[in-house]
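# Tertiary structure, described
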Amino acid sequence: MEYSPNSIEEKWRVWWSENGTYKVSNDTDKPKYYVLDMFPYPSGSGLHVGHPLGYIASDIFSRYKRLKGYNVLHPMGYDAFGLPAEQYAVTMGVHPAASTNENIKRYRSQLDNIGFSFDWSREVKTSEPNYYKWTQWIFLELYDHYFDTDSNKAESIDALVKRFETNGNADVNAATTQDNTFTSVEWNALTPKAKSDILMGYRLAYRKVSTVNWCEELGTVLANDEVKDGVSERGGYPVIQKPVLQWSLRTTAYAERLLNGLDNVDWSDSLKTQQRNWIGRSEGARMFFNVADSDKTIEVFTTRPDTIYGATYMALAPEHEYLKELTTTDQKAEIDEYLTYVNTRSELDRMSDVKKVTGAFTGSYAINPMNGAKIPIWIAEYVLAGYGTGAIMAVPSDDERDNRFATKFGLKIIPVVDKSEYEGATLDDKVGKMINSDFLNGMEVKDAITAAINKMEEMGVGARKINYKLRDANYSRQRYWGEPIPIIYDADGVEHKMDISDLPLVLPDLDDFKPTADGKAPLAKKTDWTNLPNGFTREVDTMPGFAGSSWYFLRYMDPDNTEEFASPKALAYWKEVDLYIGGAEHAVGHLMYSRFWHKFLFDKGLVPVDEPFKKLVNQGMIQGIIEYMYLKKEKTDGVSHFVCSKIAQQEGGKDSDKFARIPVNVDFIQEYGSVDSYLDISSIKRFIDWRPDYADAIFECGKGIFQNGVFNATNGSTDSHLFTESEVGKMGKRYFNSVNPDDMVDRYGADCFRMYEMFLGPLEQAKPWDTKGIEGVSKFLRKFWALFYNEDKWLVVDEAPTKDEFKVLHTTIKKVSEDIERLSFNTCTSAFMVCVNELRKLDCHKKEILETLVVLIAPFAPHAAEELWHKFGNESSVHLGTYPIVNEDYLKEDTITYPICINGKKRATFDFASDASKEDMEAITRELEVVQKWAEGKSIRKVIVVPKRMVNVVVG
RNA sequence: ACCUCUGUAGCCCAACUGGAAGAGGCGCAUGACUUAGAAUCAUGAUGUUGUGGGUUCGAAUCCCACCAGAGGUACCA
């Protein structure tokens, strides 16, 4: 029979499901192996071809490990809470639970189509109460603990309270924002509210003021993603940074352990580097500057205490707590004006716009603790409240940004480091000899740093300190579609945790998912839910997206447990994720949060290891081509005005303020993805059908204008191309460029789709989707099939294979196994192609070869392999079989052909016996005719023999 | 702006630890089969390894600078 995937694939998917082929037991003697995918957020547009890339890779690896005799846990679930479902609810009135369930159904059918070996009985959905019960429980555990720096782990708040009651806090070393010292007597005399406030400074889940993006016109808090250039993406309204009391997680407490833990995991160096940079450990000093004519002291963190004598001004973050007190009457207007400006600036704007130097003078002065110099205190947006202490001592002579600032505002610059001995050193380089620096003069920077800190400690004006860029994670969202935070407040505003027996705190139904007029979370509207009979009120913020995804991998181990998040037995067996595959876009965020949660659970003795993911691989993103149209920001005669991208280019293109770029559905585009992609008249009409709001828009093409159904050509031209701009980028709903895997599976079959995705390129590399190449893989599968079948005839014969046939097979086993181990699936695919090409040349149809080949290819093409496996008369699944072993005897060669190079250039080849020694090879090489010829009149200086590679003769 | 990664034939990519620039596929060209096309089979052409420097007997690979693209930058997921 012909290879026709559609007729066999569905059959085997049903068979696997009915036979429970992929059901995983926690109860077995087999060694375990845990292969995890980053579970998807079920978006409204369904899976696109980028999603399955990692899933296919992990599925191949799981099937491989199963064949190798492991008990493999390979689960799947859904990260089901999230903003898009809520936005959809706000605009379309569909309950997020309903749309999410619809999306999950669609995802499931798409996933099923690809033939994954997931154990669906372990499915996890983060939006299910029986799951988020435990998310809430972990949150309360975090709330109930603080980080003790003496024991270097989380300890219970109850124990801390006992210490306060007996000894106060003087001998407590903890990760805390609490810097007042109190005695037991003082503590015991405090009101419950005051005690609660102090404990907030210790808890791992705590409340503090942090800012949100607030859009007055839309009456809502916006995600960073919804803000572009300081205005809302929707409608273009102003967005300001508004301070709100919110929950946070004290991730910083674990900074050092998060950093050290990286040494013990098998992740790529680039990924570890990204995590290390995100944690951003830096050594330096904290220093205290008194404010002139005030009792205030400003704390700064600096990595360059050596440059203290060059500190000519001080810069505070505009959010600094002392700003009010420091601003003089004269300067108030200027400061207020500046604050209004800063309010419109996102953190990203503030970091990236370094060329723009802005700031304002408070009118106050600080005293340099080392020499008593009076230096002005400014506020500047380049100082971020969240980093260090939100205040810096500025040294314009040795810091690029400070230098620009000082130059612009005419502030003093005192050179303190002489770099004349270091050619090419930049301002920021930590090299040179100290000058103008009193006792530091003449020292090298490195020594001066130590000397300066020692002196400051002696004088009591500073101390050695390690600072981290890592910030505590904001844990509050003013949203509906997330886990409710199980906290209630009494009449005094003191928070209380809910009783564990009352969990889960189920998210109540709402009809209207908009926030309240004053920006409170939607749940605030549900007064019968928020107001409890005893006068207490509920927290109305919900948890962020990362809450549910920070521990889901533990739930798969024991998904139906109602007593614990997972049983100790299940946790002890599965232990940790052995291989985690997921997108590089999660390289810091999700992985950092999961590791933090896991370390906390480890401290509690609830998980057996302190790092959750042993080996981690980021698959590269499959990109799509995004097609943009240029829209003039200002309407022409009251209607929208689109401009051909080639015309827009001449006026500055995307960098110009004149244009907005809007993504177009790529289905309308001619010459999609090329430099000359365009819309013709009929595609413009389709565009208008799609976006009726642009029905009367002007479309300015290269050679004419299209409007209201009529094309007016200039110079009688018929060329009506409206060029669009193609850009490689994310595939997704917002760019209208998704390719649905179902279409590929319908057309080519799941096995072909799977192999093609792997064949596209290295797993870790980003690559644009291109449907064209899939024909090659399809052709390969037909050729593979043709080894077994000729039309309706089963060709396989029971003859003993030849040496050559064995060699082809075992070369392939070796290559494929090695490549699977290093996750190089693209080269596996081409190894199979080579193998099939060679077997065809040998006209091989031998059972012993082909049956082994079927097992070998089973992880890649599970359906075809299963079909053929059963044709061989086997009754159990090929996927529960045994992986073939390489027999090296078939791979041996008698001679190896070496290139003979003269001075690095290949001049001849020579066959050496494969077991020849280096010395023999050198001796033979020296006598070769070519070598003699090239060495004529010169001497042979050296002969380099690289076994199995080449021979190089150096003459001269 | 900062952090991370990538750049090899018209295109997707191989080249493992520094050792012959080429495995596989797409596309293209020619031939076979065919009335023709499709499918299939056979054959084979294409190079400043992004640019410039350095290290080395030898560099796609290591180092430095630059250019281009992608991902992340804490409320998209």
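Note: the structure precedes this text.
What comes next concerns the included structure. Everything quoted here is computed from the prediction, not taken from an experiment.

### Concerning the pattern of salt bridges
- Inspection of the entire model under this criterion finds 54 salt bridges.
- Here E444 ties to K433 by a salt bridge, and the two come within 3.9 Å at their closest N and O atoms. Pair noted here: E444 is in the loop between strand 20 (433-434) and helix 15 (445-459) and K433 is in strand 20, with a separation of 11 residues, a long-range link.
- For K433, a relative accessible area of 32% translates into the label partly exposed.
- Residue K807 pairs with E893 through a salt bridge whose shortest N-O separation is 2.8 Å.

### Some details on helix 22 (residues 681-690)
- Along helix 22, the residues that are buried comprise I681, S683, I684, F687 and I688. Take helix 22 and look down its axis: the buried residues cluster within an arc of 160°, on one side only.

### Some points on the protein's contact with RNA strand B
- In the region of RNA strand B, 66 residues are neighbours, and Y41, N224, P762, M833 and N952 sit closest.
- In this structure, Q623 approaches RNA strand B through a side-chain N or O atom, which is 2.8 Å from a sugar or linking oxygen.
- A distance of 3.0 Å separates a phosphate oxygen of RNA strand B from a polar atom in the side chain of R782.
- Element by element, the count of residues in the surface near RNA strand B is highest for helix 27 (residues 825-841), at 7 residues.
- Grouping the amino acids of the surface near RNA strand B by side-chain chemistry returns 24 nonpolar, 23 polar and 19 charged.

### Concerning the sheet that holds strand 24 (residues 495-497)
- The 3 strands are arranged 24-23-25 in an open sheet whose pairing can be described as antiparallel. Pairing within the sheet leaves two strands with one partner each, and these edge strands are strand 24 and strand 25 (537-538).
- Bridge analysis of strand 23 (residues 487-489) against strand 25 gives 2 bridges, and the strand direction is antiparallel. Across the sheet, the residue bridging to Y489 is T537, located in strand 25.

### Some thoughts on the sheet that holds strand 41 (residues 905-913)
- The 4 strands are arranged 41-40-43-42 in an open sheet whose pairing can be described as mixed. Strands with a single pairing partner mark the edges of an open sheet, and in this sheet they are strand 41 and strand 42 (940-946). For this sheet the average axis-to-axis angle between neighbouring strands, irrespective of direction, equals 20°.
- Two elements, strand 40 (residues 895-902) and strand 41, share 8 bridges in a ladder whose sense is antiparallel. Directly across from C901, in strand 41, lies its bridge partner K906.
- Docked against the sheet, helix 30 (residues 918-927) engages strand 40, strand 41, strand 42 and strand 43 (950-955), running at close to 135° with respect to strand 42.

### A few points about helix 3 (residues 83-92)
- Residues of helix 3 that are buried include every one of A85, E86 and A89, and no others. The buried residues of helix 3 occupy an angular sector of 100° when the element is viewed end-on, so they sit on one face. For helix 3, the exposed residues lying more than 90 degrees away from the buried face are T91 and M92.
- Contacts made by the buried residues of helix 3 are with helix 4 (96-113).
- Once helix 3 ends, the next one or two residues include G93, with phi positive near 75°.

### Observations concerning the side chain of S824
- Within the secondary structure, S824 sits in the loop between helix 26 (803-821) and helix 27.
- A residue is classified by how much of its surface remains accessible, and S824, at 11% relative accessible area, is buried.
- A distance of 3.4 Å separates polar atoms of two side chains, one belonging to S824 and the other to N826.

### Remarks on the layout of surface pockets
- Its boundaries defined by the atoms lining it, the second largest pocket holds a volume of some 480 Å³.
- Around the second largest pocket sit 19 residues that line it, and P318, E319, H320, L323 and L339 are the ones nearest its centre.
- Looking at the lining of the second largest pocket, the elements that each hand over two or more residues are strand 11 (240-249), helix 11 (323-326) and helix 12 (332-343).
- Among the elements that make up the lining of the second largest pocket, the one with the highest residue count is helix 12 (7 residues).
- Looking at the lining of the second largest pocket, its residues break down into 6 nonpolar, 6 polar and 7 charged.

### Some thoughts on the packing of helix 5 (residues 129-143) against helix 20 (residues 589-603)
- One can describe the packing of helix 5 onto helix 20 by two numbers: an axis separation of 11 Å at closest approach and a directional angle of 70°. Judged on the interaxial angle alone, helix 20 and helix 5 are roughly perpendicular. In this structure, helix 5 meets helix 20 at a crossing whose hand is left-handed. Each of T135, I138, E141 and L142 in helix 5 lies in contact with helix 20, whose residues at this interface are F596, W597, F600 and L601.
- Across the contact of helix 5 with helix 20, the residue classes break down as 6 nonpolar, 1 polar and 1 charged.

### Details of empty space enclosed by the protein
- With the rule as written, the count across this model stands at 2 cavities of 30 Å³ or more.
- Looking at the largest cavity, its volume works out to about 110 Å³.
- A total of 3 residues in the lining of the largest cavity trace back to one element, the largest contributor, which is helix 14 (residues 400-409).
- Counted by class, the lining of the largest cavity contains 4 nonpolar, 1 polar and 6 charged residues.
- Counted as a void, the second largest cavity has a volume near 40 Å³.
- Of all elements in the fold, only helix 24 (750-759) and helix 27 reach the threshold of two or more residues within the lining of the second largest cavity.

Reading the values: rules and limits
- Residues numbered from 1 in each chain as written.
- Chains lettered and ligands numbered in written order.
- Predicted model: local features only at pLDDT ≥ 70, side-chain atom pairs only at ≥ 80, totals over all residues.
- Heavy atoms only, no water.
- Salt bridge = Lys/Arg side-chain N within 4 Å of Asp/Glu carboxyl O.
- Helix = DSSP H or I, 4+ residues; strand = E, 2+ residues; numbered from the N terminus.
- Buried < 20%, exposed > 50% of the residue type's maximum accessible area, 1.4 Å probe, protein only.
- Arc of directions from axis to C-beta.
- Near = heavy atom within 4 Å.
- Polar contact = N/O pair within 3.5 Å; in protein donor to acceptor, adjacent residues only side chain to side chain.
- Nonpolar A, V, L, I, M, F, W, Y, C, P; charged D, E, K, R; others polar.
- Pairing = 2+ DSSP bridges.
- Axes fitted to C-alpha atoms, helices over the stretch in contact; angles between N-to-C directions.
- Contact = heavy atoms within 4.5 Å.
- 1 Å grid on protein atoms, 1.4 Å probe; cavity = no way out; pocket = protein on both sides within 12 Å on 5 of 7 lines; lining within 4 Å.
- Points joined across faces, edges and corners; volume = space filled by probe spheres on them.
- Parallel < 35°, antiparallel > 145°, perpendicular 65-115°, else oblique.
- Left-handed = near helix turned anticlockwise from the far one by under 90°.

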